[in-house]
Amino acid sequence: MVGTTHASGAVLDDLAGSVGGNAREATPGDAVAGVPAGVVASPATTEEASALLVLAARLGLTVVARGRGTVLGWGPPPRSADLVVDTSRLDGIVEHEAGDLVCTAEAGTRIDDVNAQVAGAGQQLALDQPVPGASLGGTLSTGRSGPRRMLYGTPRDLVVGITMVRADGVVAKAGGKVVKNVAGYDLAKLLGGAYGTLGIVTRMVVRLHPLPPSSRWLTCSYPDLDAAAGAAAAVTGSQLFPTAVEVRRSAGAAGADVQVLLEGTERGVRERAAAAAELLGDDAGEADLDTADVARLDGPSDAGLLVKVAVPLTGIARLLHTTREIEDRLGLSCGVVGSAGVGVLHVQLADVTGETSAAVQAVELLRNTARQTSGAGSAVVLHAPAEVRAHVDSWGPITGLDLMRRVKDEFDPDHRLSAGRFVGGI
Amino acid sequence: MTAIDDLTARLRGRLDDSAVITDEARRRTYECDGLAAYAVVPGLVVLAHDADDVQTVLALCHELGVPFVARGSGTGLSGGALPHSEGVLVVLSQMREILDVDPAAQRAVVQPGVLNLDVTVAAAPHGYYYAPDPSSQQICSIGGNVAENSGGAHCLKYGFTTNHVLSAELVAPDGTRTRLGTTAPDAPGYDLLGTVVGSEGTLGVVTEATVKLTRAPQAVKTLLAGFESTDDAGTATSSIIGAGIVPAAIEMMDALAIHAAEEAVHCNYPKGAGAVLVIELDGPTAEVDAQLDEVKAHCDKAGSFEIRQAADDTERALIWRGRKSAFAAVGRISPDYIVQDGVIPRTALAAVLHRMGELADEAGVRVANVFHAGDGNLHPLVLFDGEVEGETEAAEALSGQILALCLEHGGSITGEHGVGADKAKHMVEMFTPDDLDTMQLVRCAFDPRHLSNPGKVFPTPRLCGERPGRHKGAHPLQEAGLAEVF
């Protein structure tokens, strides 16, 4: 069955039977990063997901998990996708104990839906969405983050418990529903950012934070890149406890903008904003920004390139310069936006059609920058047109790859889960 | 010749003579960690001076099938560094160099034997500190913290060790050396670093760590509030958190714990208090000032009869002294005690404390309570006299009941001390066999022969290579001709 794209009627019936009839033949719209899918099945419970994966294991089907499908095109394409496990029916909050600041929800639940519910208690799940509409599970599995990670962390920091289904259908839990807990291995860390290659997350317990009574965004534009990086570093290294320090260089621009988010009490935020404005410089001003808008990545288009670059805090200026170098030397349109306060940014190249070689060189330049600035960073190609993908290593150099392969072999010995999507061809 | 003799012979010449300890009296000094109830004299002790030493030992252990246990300062409270009688104890306390402090990048690179507090001392001149602060921070090592995913009083706001380690060098159980993570965030690939942190030394030995440094807060305010009962103190805690305030720490002590601390360090807590809260707020001055008034109001409303605010660092240190000395102080009022580390949802605090009191009364055992109220991490100190017949058993039985009580309320058997040798038997009460089997898939990837700190964390080791529930085709027994078709 591996490698086929058309399910036989009997297989479809079997799969549908395990999920209460909620399975269908895939359509072209179900393709995963360009790879056509066979069957789409939608379990509504962990038990159904388990039954489905037991069956998939017996039939030797390759499996790709899908949340809300917002970034299914991120990462290299799978080798095949006989079965897409759609988690959108694993939907809803199971438990929200406001006094404990935790919430248990099915993995297909949208972050927006969690937030709509917990907001009533003055709480939030502080996960930004680069692409809106994302599910909890998809966000954990791809390790997505945004501006507020500087204060609240990433999915890895906010998930305190998971329920997962293994490649063989076995259901396992790790962590729990208390934030402080060191019993057993932290499987949520292992599955976080694993792109569905180790198992399918069906339920999560997440840590919530109080909604701040007051918040303000400040912005400041700088005519040159070093000044922007310097201002961002000044706020990052201050005692103002910013929630976010973003830097943004638009394609073609000589300079860059810095944006700072402060959250807290009314009076505290007012005083801190004044102090931050002084650090940012004369042109700093308050801006009426929506945090969700700042977090959102506009693009790239299908023909463009999206690269996540991680650098040490001391490497921000150099990265900004590299994006301009890509424009000057390679003739591509290249912008960057992201957290200068943490050192994780997204570089976007607009239309690279017919510019495959330049696009590949751009990734190399970014990778060199990430790796050369006082210690190793990384540049991961999240999105790229197929012709560029074919010529570039999406993940770049990986340390510990041998151990990672051994982990994969233990969890998914037949390499059926999102095979080929991950580092080293895992 | 035993495997350990063979190993010893082969280490001679490859390591300094002084680093290989065979003398029984000297080995015996390492027989336990901070949990003295468990003691095993290690087969051999090696004092590692660098990562090469560690690699040499682990490669030989791998070759000869000899188990090893890593040990930092030996302050752990779950027997995580309990030695193996037929194995090597790899002592890392000699590796205590701080290799780099880079305030601009907000990170430091340290060897595993570096003491937790020394990272803060090194970073302080630059206005930074290392956030995780276990009560033992003056003597515990970063390597031990990494193994145990240590917390501390301030993890309510700042998180645990796992949130503060960027990268580590690991010598895997097969003797290979690997860097996990990068010094920038979000290293691509599986988050093996996040898996190794808190794995209690069962996945290899960390020989270097790059940790995050946190900017020192502009202001720190510490309050000590006296209450008539733990109920009142619990109410205050809930209303502070419920109001959306996240203090750096909220710590509670009950009457018996206060009594012990007074005896030991004369901390001068409010007289007659049935419970005290130590509440610390930190951050930008304007925020701290605003929250301070609010916190005081919540304490007042919950019935606090005395609220003190530390006027300076000396007074703050005195307030914390009572809390941080509490474990040791209990030694003043009881010859022996068991420290538990269960966690409960904060909302279950009152119910759990009541039931714990009932259980203690029924058993005729005294329990002093010192805990991180903000995150529901209890530290019941179960008091007993090992010389009196039956008391040890009664205390152990009560300890087990307390853990079961935490689990009944949806909590955990350990919040920061680790499972170690002590609580491995309780893992089956918290996790299903499938949960434990799945966790041990990781173990099989890193350490298929179970040489790295065997017997810790998991009650039953998984046979690596065996894949229950996913046999394809004929049953292996049938294939081997040992069984008929079932």
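## With respect to the overall build of chain B
And step 1. On a plain count of helices and strands, chain B comes out with 17 helices and 18 strands.
And step 2. Compactness check: chain B gives a C-alpha radius of gyration of 24 Å against a globular reference of 23 Å for 486 residues, within 12% of the reference.
And step 3. Overall, the C-alpha framework of chain B stretches about 75 × 55 × 50 Å when taken along its three principal axes.
And step 4. Look at the contacts in chain B between residues 6 or more apart in sequence, and 70% of them connect residues 24 or more apart.
And step 5. If you sum the accessible surface of chain B, you get close to 17600 Å²; carbon and sulfur atoms cover 50% of it.
And step 6. The averaged location of the 66 negative side-chain charges in chain B is 4 Å from the averaged location of its 36 positive side-chain charges.

## Some remarks on the interface of chain B and chain A
And step 1. With 88 residues of chain B at the contact, the number on the chain A side is 83 residues.
And step 2. Taken over both partners, the interface formed by chain B and chain A buries close to 6700 Å², and the fraction arising from carbon and sulfur atoms is 57%.
And step 3. Linking chain B with chain A are 9 salt bridges, by the criterion used here.
And step 4. Here Asp186(B) and Lys308(A) are joined by a salt bridge, their closest N and O atoms 2.8 Å apart.

## A closer look at the sheet that holds strand E4 (residues 81-86) of chain A
Residue and element names in this part refer to chain A.
And step 1. In spatial order, the strands read E1-E2-E4-E3; together these 4 strands make up an open sheet with mixed pairing. Among the strands making up the open sheet, the edge pair consists of strand E1 (23-25) and strand E3 (63-66). Strand-to-strand twist of the sheet, defined as the mean angle between neighbouring strand axes without regard to direction, takes the value 25 degrees.
And step 2. Lying over the sheet, helix H1 (residues 9-18) contacts E1, strand E2 (37-41) and E4, oriented at roughly 155 degrees with respect to E1.
And step 3. Packing against the sheet, helix H2 (residues 46-59) makes contact with E2, E3 and E4, and its axis sits at approximately 175 degrees to E4.

## A few points about the sheet that holds strand E5 (residues 98-102) of chain B
Residues and elements named next belong to chain B.
And step 1. Reading across the sheet, the 5 strands line up as E5-E6-E10-E8-E9 and stay open at both edges, with antiparallel pairing between neighbours. Every interior strand has two partners, whereas the edge strands, E5 and strand E9 (177-180), have only one. Going from strand to strand, the sheet's axes swing by 10 degrees on average, the running direction of each strand aside.
And step 2. As judged from the 4 bridges shared by strand E8 (residues 165-171) and E9, these two strands associate in the antiparallel manner. For Glu169, the partnering residue across the bridge sits in E9 and is Arg179.

## Overview of the environment of Arg166(A)
And step 1. Its location among the elements puts Arg166(A) in the loop between strand E8 (159-165) and strand E9 (171-175).
And step 2. Polar side-chain contacts of Arg166(A) include one of 3.0 Å to the side chain of Asp168(A).
And step 3. In terms of polar contacts, Arg166(A) uses its side chain to reach the side chain of Thr438(B), at 2.7 Å.

## What to know about the packing of aromatic side chains
And step 1. In this structure the tally under the stated criterion is 6 aromatic pairs over all chains.
And step 2. With a centroid separation of 6.2 Å and an interplanar angle of 35 degrees, the aromatic rings of Tyr195(A) and Phe422(A) are classed as tilted. On the criterion of sequence distance, the pair formed by Tyr195(A) in the loop between helix H7 (187-191) and strand E10 (200-207) and Phe422(A) in the segment after helix H14 (401-411) is long-range, its members being 227 residues apart.
And step 3. Taken together, the ring pairs in this structure connect Tyr195(A), Trp395(A), Phe422(A) and Tyr190(B) into an aromatic cluster.

## Brief notes about the environment of Gly34(A)
And step 1. Looking at the secondary structure, you find Gly34(A) in the loop between E1 and E2.
And step 2. The spatial distance from the C-alpha of Gly34(A) to the C-alpha of Leu72(A) is 9.9 Å, given a sequence separation of 38 residues.

## Topic: the packing of H14(A) against helix H16 (residues 433-446) of chain B
And step 1. The N-to-C vectors of H14(A) and H16(B) enclose an angle of 140 degrees; their axes lie 8 Å apart at closest approach. Relative to H16(B), the element H14(A) is oriented oblique. Where H14(A) crosses over H16(B), the two elements pack in a sense that is right-handed. Contact with H14(A), carried on its side by Leu403(A), Arg406(A), Val407(A), Glu410(A) and Phe411(A), involves Thr438(B), Leu441(B), Val442(B), Cys444(B), Ala445(B) and Phe446(B) of H16(B) and no other residues of that element.

The rules behind the values
All residue numbers refer to position in the chain's written sequence, counted from 1. Both sets of labels track the order of writing: A upward for chains, 1 upward for ligands. The model is predicted, so local features are restricted to residues of pLDDT at least 70 and side-chain atom pairs to those at 80 or more, both for listing and for counting; the totals for chains, interfaces and linings are taken over all residues. The basis for the side-chain values is all heavy atoms of the structure; hydrogens and waters are excluded. Secondary structure elements are defined from DSSP: runs of H or I of at least 4 residues count as helices, runs of E of at least 2 residues count as strands, and each element is numbered from the N terminus. When we talk radius of gyration, it's over C-alpha atoms, and the globule rule is simply 2.2 Å times the number of residues to the 0.38. We call two residues in contact when some of their heavy atoms are within 4.5 Å. We get accessible surface area from the Shrake-Rupley algorithm with a probe of 1.4 Å; when it comes to residues, only the shown protein chains can shield them. Working convention for charge: Lys and Arg count positive, Asp and Glu count negative, and His plus the chain ends are omitted. Note on charges: their place is set at NZ of Lys, CZ of Arg, CG of Asp or CD of Glu. Once two parts are brought into contact, the accessible area they lose, counted with a 1.4 Å probe and summed over both, makes up the buried area. Here, a salt bridge means any Lys or Arg side-chain nitrogen found within 4 Å of an Asp or Glu carboxyl oxygen. Only when DSSP finds a minimum of two bridges between them are two strands counted as paired. Angles run from 0 to 180 degrees between N-to-C directions of axes, and those axes are lines fitted to C-alpha atoms, restricted for helices to the stretch in contact. In protein, a polar contact requires one atom able to donate a hydrogen and another able to accept it; more generally it is a pair of N or O atoms within 3.5 Å, and residues adjacent in sequence count only if both atoms are side-chain atoms. Think of it this way: a Phe, Tyr or Trp ring, Trp meaning its six-membered ring, pairs with another when their centres are within 6.5 Å, and the plane angle makes it stacked under 30 degrees, edge-to-face over 60, tilted otherwise. Each angle receives one of four descriptions, namely roughly parallel if under 35 degrees, roughly antiparallel if over 145, roughly perpendicular if within 65 to 115, and oblique otherwise. Crossing chirality is assigned from the near helix's rotation relative to the far helix, an anticlockwise turn below a right angle marking it left-handed and a clockwise turn marking it right-handed.

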